[in-house]
Amino acid sequence: MTTAAELRRRTRELLAAHPPADTDRLDFLRARFDAGLAWVHYPEGLGGLAAPRALQAVVDAELETAGAPGNDPRRIGIGLGMAAPTVLQYGTEEQKRRLLRPLWTGEEVWCQLFSEPGAGSDLAALGTRAVRDGDDWVVNGQKVWTSSAHLARWAILIARTDPDVPKHRGITYFVCDMSDPGVEVRPLRQITGEAEFNEVFLTDVRIPDSRRLGEVGDGWRVAQTTLNNERVAIGGTPVPREGGMIGKVAATWRERPGLRTHDTHQRLLGLWVEAEVARLTGVRLRQQLAAGQPGPEGAGMKLTFARLNQEISGLEVELLGEEGLLYDDWTMRRPELVDLTGRDAGYRYLRSKGNSIEGGTSEVLLNIVAERVLGLPAEPRTDKDVAWKDLAR
């Protein structure tokens with residue numbers, strides 16, 4: 001069993017061999033991965049030491065004190081939070097060794113090809129087809145709301161491989177090379193003016209069977225691993241007390257007393273308490289993760305994250321009055337990351353509207369909480385035993 005003392009020793013050895021001040025950032029990140037200090041709970045040889053997940057904080061604290069570079073999780077969040085745990089659980093040894101290191105260092109960005117124009121909330125109804133052709137699969141279809149597709153080298157992709165069975169049973173999970181012929185990425189401009197996500201068209205894209213994750217037709221089960229981790233990645237990100245968006249509003253309240261009213265004071269107090277409860281719930285969720293796999297609790301955290309962001313940003317705009325109507329830049333850009341706290345109040349207000357859609361709509365997540373957390377009866381499903389090809393569309 002790897003101990004905290006052992007991890008401190010290993011981290012100090014890494015720092016001695018690769019002083020952050022004198023080492024190229026990427027070289028340092030590669031060395032950290034090879035030393036097993038990237039994500040300590042992963043297996044040896046894959047960036048970890050098979051240590052308890054909770055001990056990652058020991059490594060992170062040592063590296064932060066030494067001023068070591070990070071891998072910018074905001075930019076590569078889809079890879080870290082969604083692709084990596086899925087590859088780890090379902091990938092072959094060859095897939096793990098090829099994909100995980102450049103994913104963690106940020107050399108290769110990932111995106112998620114799940115949602116479609118006709119299969120968003122009802123993701124299992126997806127129609128993108130993958131047809132077997134020898135050792136390859138030929139994929140045709142359209143995906144949408146694909147964050148970072150314009151930056152990505154790899155994508156996690158689910159496609160229909162058997163239209164003759166019910167929708168959940170005819171899906172297979174693949175890793176798609178975004179540089180392959182037939183992959184076309186088009187920007188989708190958002191209410192913020194930016195195009196951080198895209199629509200992706202797949203035309204006769206050939207994916208080797210060696211890039212399949214899990215068994216043929218078992219893609220829905222594999223995708224649940226991705227989706228559960230996605231909700232935790234979005235809603236369970238660690239923040240300090242009064243961090244994130246509530247911290248921006250609280251700072252404005254303290255620094256500009258002329259903006260205060262009794263009503264906004266009461267609302268701020270209520271939202272501050274809710275944000276703190278959500279933060280502490282996130283701490284508990286991450287402790288549960290340290291002991292196993294994420295469960296449906298992540299859906300509750302993601303629900304809370306979306307609602308609080310929208311309510312807090314609305315209060316911030318109202319508190320600022322006319323100033324809250326200003327917007328810094330409506331230039332069409334294709335950013336590398338979403339920065340909710342580094343922009344102005346107008347951006348936060350507009351961008352947070354997407355929080356209740358991305359990563360699973362709030363309506364779908366309410367169903368998940370009701371059925372899988374509270375144990376309430378499931379909603380009737382008339383399409384449960386109907387072949388996908390026979391569904392009305």
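Residues numbered from 1 in each chain as written. Predicted model: local features only at pLDDT ≥ 70, side-chain atom pairs only at ≥ 80, totals over all residues. Heavy atoms only, no water.

J.: Would you mind showing me how to read the overall build of the chain here?
T.: A count of helical and extended segments in the chain gives eleven helices and eight strands. Taken against the 2.2 N^0.38 rule, which gives 21 Å for 393 residues, the C-alpha radius of gyration of the chain at 22 Å falls within 12% of a compact globule. The principal-axis extents of the C-alpha atoms in the chain amount to approximately 70 × 55 × 45 Å. For the chain, the residues scored as buried account for 50% of the 393 residues in total. Long-range contacts, defined here as pairs at least 24 residues apart, represent 71% of the contacts in the chain between residues at least 6 apart. Of the roughly 18600 Å² of accessible surface on the chain, a fraction of 53% belongs to carbon and sulfur atoms. In the chain, which carries 50 positive and 56 negative side-chain charges, the distance between the mean positions of the two groups comes to 2 Å. (Helix = DSSP H or I, 4+ residues; strand = E, 2+ residues; numbered from the N terminus. Rg over C-alpha atoms; globule rule 2.2 N^0.38 Å. Buried < 20%, exposed > 50% of the residue type's maximum accessible area, 1.4 Å probe, protein only. Contact = heavy atoms within 4.5 Å. Areas by Shrake-Rupley, 256 points an atom, 1.4 Å probe, with all protein chains shown as cover. Lys, Arg positive; Asp, Glu negative; His and termini not counted. Charge placed at Lys NZ, Arg CZ, Asp CG, Glu CD.)

J.: What's the story with a nonpolar patch on the surface in this structure? I'm lost.
T.: Taken together, Val373, Leu374 and Leu376 make up a surface patch of nonpolar side chains, about 280 Å² in accessible area. Residue placement: Leu374 occurs in the segment after α11 (362–373). (Patch = residues over 30% accessible without salt bridge, like charges linked within 9 Å, V, L, I, M, F, W, Y side chains within 5 Å. Salt bridge = Lys/Arg side-chain N within 4 Å of Asp/Glu carboxyl O.)

J.: Mind showing me how you'd approach the environment of Met82 here?
T.: Within the secondary structure, Met82 sits in helix α4 (residues 77–90). Residue Met82 is classed as buried on the basis of its relative accessible area, which comes to 7%. Taking the C-alpha atoms as reference, Met82 lies 39 Å from Glu255; in sequence the two are 173 residues apart. Residues within four places of Met82 in sequence aside, it is in contact with Gly77, Gln112, Ile156, Thr226 and Glu230.

J.: Which parts of the structure should I look at to understand the pairing of strand β5 (residues 171–177)?
T.: Regular strands have side chains that alternate between both faces of the sheet. Summarising burial for β5: seven of the seven residues are buried, a large majority. Here β5 shows no split at all, with Ile171, Tyr173, Val175 and Asp177 on one side and Thr172, Phe174 and Cys176 on the other all buried. In this structure, strand β4 (residues 154–160) lies alongside β5, joined through seven bridges in antiparallel fashion. Paired with Ile158 across the two strands is Tyr173, which belongs to β5. Both β5 and strand β8 (residues 212–213) contribute to a ladder of two bridges, which runs antiparallel. When the bridges of β8 are listed, Tyr173 appears paired with Leu213. (Pairing = 2+ DSSP bridges.)

J.: Please explain the nonpolar core as it appears in this structure.
T.: Burial of nonpolar side chains together is a common tendency in soluble globular proteins. Ranked by internal contacts, the top residues of the largest apolar core, which has 53 residues, are Trp39, Trp110 and Met178. It is α4 that provides the largest number of residues to this core, a total of seven residues. Excluding residues that lie within four positions of it along the chain, Trp110 makes contacts with Ile78, Gly79, Ala83, Val87, Leu99, Leu103, Ser148, Ala152, Trp154, Ala155, Ile156 and Val175. In this structure, Val249, Ala275, Ile312 and Leu350 belong to the second largest nonpolar core, which totals 16 residues. (Core = buried A, V, L, I, M, F, W, Y, C linked by side-chain atoms within 4.5 Å.)

J.: Even after reading the chapter, I still don't get the pairing of β4, so can you show me in this structure?
T.: Of all seven residues making up β4, seven are buried, and the element is well covered by its neighbours. Where strand β1 (residues 110–113) and β4 come together, four bridges link them in parallel fashion. Across the sheet, residue Gln112 finds its bridge partner in β4, namely Ile156.

J.: Please clarify how helix α2 (residues 25–34) should be interpreted in this entry.
T.: Along an α-helix, a turn takes 3.6 residues, which lines up residues three or four apart on a common side. Those residues of α2 lying buried are Phe28, Leu29, Ala31, Arg32 and Phe33. Where α2 begins, the side chain of Asp24 points an oxygen toward the backbone nitrogen of Leu26, at a separation of 3.1 Å. (Polar contact = N/O pair within 3.5 Å; in protein donor to acceptor, adjacent residues only side chain to side chain.)

J.: Explain the pattern of salt bridges here, please?
T.: Note on pairing: side chains with opposite charge can pair once their charged atoms come close. Per the counting criterion, the structure on display carries 41 salt bridges. The residue Glu184 makes a salt bridge to Arg186 at a minimum N-O spacing of 2.9 Å. Overall, Arg186 belongs to the partly exposed group, its relative accessible area being 35%. For Lys389, the salt bridge is made with Asp390, and the minimal N-O distance between the two is 3.4 Å.

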